[in-house]
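Residue strings, one per chain:
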Amino acid sequence: MSEREETRRIQFTGKSSYIVSLPKQWVIDLGLKQGDQITITREGKSALKILPAKDQAKLVQQEDAILEISRDDDNATIVRKLVSLYFLGYKTIQIKPKADRLQPGQRNAIKSAVKGMLMGAEIISDSVDGITIQVLVNLLELSVDGAFKRMLHLAKSMLKDALLAVKEGNVELAKEVIDSDDEVDRFGFYIIRQLKIAIQNEHMLKDMGFDNARQCLGYRIIVKNIERTGDHASLIAKDLLEFKKPVRKDAMEKIESLNEFSTSVLDQACLALFKEDFNQAELAIKKSSEISKYEKRILESLKSIKDEEEAFRIKRMIGNITRIAEYASDIAEIVLNMNIEKMLKKRP
């Protein structure tokens, strides 16, 4: 049984109450003493939460946020503030005008941000007098690992589809890839929110599978690298929208081979993350260095291309894809840092 678990027997007292004792060390660690009040909250059908009354007041205060905006606040500033409050873990966010009313453009920007960027957030009240947003997503329904895996899969799919769009000259598919980038960001924002909550709550930290807050920091950087992977897929898709024509088939086949290699390194680095495997991370770093061979092979083939515009497009795509292998190496480095202590020799 872990230090966070204790077994206590429920006892009956009086005619309408049951009592249960608390471990002495827990009470001391929380700074409580005889006579202090605690609150007991029923959560669902099978759980009870016990919280010191002083902490319960702070918790309630932290769950609700009121953001006042002026008539002159631009939409981008409002959205940044909204995202920041989402990151901080507030469950209810009220956006109100300081005076007069919310402007139509401000309301539309807020609603678009909630719908397109904030996973689990819903608008429960909307008028010119203010907008109320509630975050409904349950931690147990979508774990950090679960969200990360879906984010990773989506980013890799974007890369594959972006190259296919350029190869076929498929503008509609390119637009779908660009739209998918918002979904990758939504998963990223959700994970960051959960990590910030975990850092502030030791029990939540353990429930998410982290040993310490330092691991949350590492995970945060890893998530950013997956977000960037989606960004590069979007850049490749935008190439087609810019030039309106496919790239020659022989060059695309080499670029697709480069992409397969880069994503394989990314898979290896992320597998090391999930398995907490130091050695696997080292292998991913070594493998990532081989990207230069693929890159050199394609650049050599460019010498026979007389069309400068097409050569430029190919070079730009190569640059976007090689960055994926670099991100994979960065992820593997973080996995090394997160798991290095496992490699230390234990003292007798």
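Everything below is about the structure shown above.
Let me sum up the structure you'll find in this document. Sequence positions are assigned chain by chain, starting from 1 and proceeding in written order. Whole-chain, interface and lining totals are the exception, using all residues; otherwise, since this is a predicted model, local features are given only for residues with pLDDT of at least 70 and side-chain atom pairs are given and counted only at 80 or more. As a convention, hydrogens and water are excluded, and side-chain values are obtained from all of the structure's heavy atoms.

This next bit is on the pattern of salt bridges. Just to be clear on terms, a salt bridge is a Lys or Arg side-chain nitrogen sitting within 4 Å of an Asp or Glu carboxyl oxygen. With the rule as written, the count across this model stands at 13 salt bridges. Close ionic contact of K224 with E227 constitutes a salt bridge, the shortest N to O distance being 3.4 Å. Here E227 and K224 lie together in helix α8 (residues 213-243), a separation of three residues that amounts to about one turn. Overall, E227 belongs to the buried group, its relative accessible area being 6%. Across the pair R316 and E242 runs a salt bridge whose closest N-O atoms are separated by 3.0 Å. With a gap of 74 residues between them, R316 in helix α12 (residues 308-339) and E242 in helix α8 connect regions that are remote in the sequence. A 1.4 Å probe rolled over the protein chains alone gives each residue an accessible area, and that area as a share of the maximum for its type sets the label: buried under 20%, exposed over 50%, partly exposed in between. Judged by relative accessible area, E242 falls into the partly exposed class, the value being 48%. For the purposes of this entry, the term helix denotes a DSSP run of H or I that reaches at least four residues, the term strand denotes a run of E that reaches at least two, and both are numbered from the N terminus.

Along the chain, Q280 falls in helix α10 (residues 278-288). When its relative accessible area of 17% is taken as the criterion, Q280 is described as buried. Sequence-distant contacts of Q280, that is, excluding residues within four places in its chain, are made with Q268, L271 and A272. Contacts are assigned to residue pairs that have any heavy atoms within 4.5 Å of one another.

Below, the discussion takes up the sheet that holds strand β5 (residues 64-69). Taken in spatial order, the four strands line up as β5-β6-β8-β7 in an open sheet, and their pairing is mixed. Because the sheet does not close on itself, it has two edges, and the strands there are β5 and β7 (121-127). Here the strands of the sheet are splayed against their neighbours by 15° on average, with no regard to which way each runs. Pairing analysis gives six bridges linking β7 to strand β8 (residues 130-135), with the strands arranged antiparallel. Bridge assignment links D126 to a residue of β8, and that residue is I131. Strands pair, by our definition, only if DSSP identifies at least two bridges between them. Between the N-to-C directions of two axes lies an angle of 0 to 180 degrees, each axis being a line fitted to C-alpha atoms and, for a helix, fitted only over the stretch in contact.

The subject of this paragraph is a negative patch on the surface. For patch building, the residue pool is restricted to those with more than 30% relative accessible area and no salt bridge; the joining distance is 9 Å between like charges and 5 Å between nonpolar side chains (Val, Leu, Ile, Met, Phe, Trp, Tyr). Note on areas: these come from Shrake-Rupley sampling with a 1.4 Å probe, and a residue is covered only by the protein chains present in the view. Positive: Lys, Arg. Negative: Asp, Glu. His and the chain ends are not part of the count. Positions of charges follow a simple convention, taking NZ of Lys, CZ of Arg, CG of Asp or CD of Glu. Together, E172, E176, D179 and D182 line one region of the surface with negative charge. Along the chain, E172 falls in helix α6 (residues 171-200).

Attention now moves to helix α9 (residues 249-275). Helix length check: α9 (27 residues) gives 38 Å between terminal C-alpha atoms against 39 Å at 1.5 Å per residue, within 8%. The first or second residue beyond α9 is E276, which carries a positive phi of 55°. What a helix is expected to span follows from its residue count: subtract one and scale by 1.5 Å.

Only Phe, Tyr and Trp rings are paired, with Trp represented by its six-membered ring, and only when their centres lie within 6.5 Å; those with planes under 30 degrees apart are stacked, over 60 edge-to-face, the remainder tilted. Summed over all chains, the structure comprises six aromatic pairs. Here F148 and F274 contribute two aromatic rings whose centre-to-centre distance is 5.7 Å and whose plane-to-plane angle is 75°, an arrangement assigned as edge-to-face. Here the residue F148 occupies a position in helix α5 (residues 144-168), and F274 occupies one in helix α9, the gap between them amounting to 126 residues. Grouped by ring-pair contacts, the aromatic residues F148, F210, Y219 and F274 constitute a single cluster. The criterion is that NZ of a Lys, or CZ of an Arg, lies within 6 Å of the ring centre and within 35 degrees of the ring normal, and then a charge sits over that ring. The cationic tip of K149 hangs over the ring face of F274; the distance from NZ or CZ to the ring centre is 4.9 Å. For the cation-ring pair, R193 lies above Y86, with the distance from its terminal atom to the ring centre recorded as 5.1 Å.

The next subject is the packing of α9 against helix α11 (residues 291-301). At a minimum axis separation of 10 Å, α9 and α11 run at an interaxial angle of 170°. Overall, the two elements α9 and α11 adopt an arrangement that is roughly antiparallel. Across from K254, I255, S257, L258, F261 and S262 in α9, the residues of α11 making contact are I291, Y294, E295, I298 and S301. Residue type decides the class: Asp, Glu, Lys and Arg count as charged, Ala, Val, Leu, Ile, Met, Phe, Trp, Tyr, Cys and Pro as nonpolar, and the leftover types, Gly among them, as polar. Its residues placed into classes, the contact of α9 with α11 shows six nonpolar, three polar and two charged. Working rule for angles: under 35 degrees goes down as roughly parallel, over 145 as roughly antiparallel, 65 to 115 as roughly perpendicular, anything else as oblique.

Keep in mind these numbers describe shape, not what the thing actually does.
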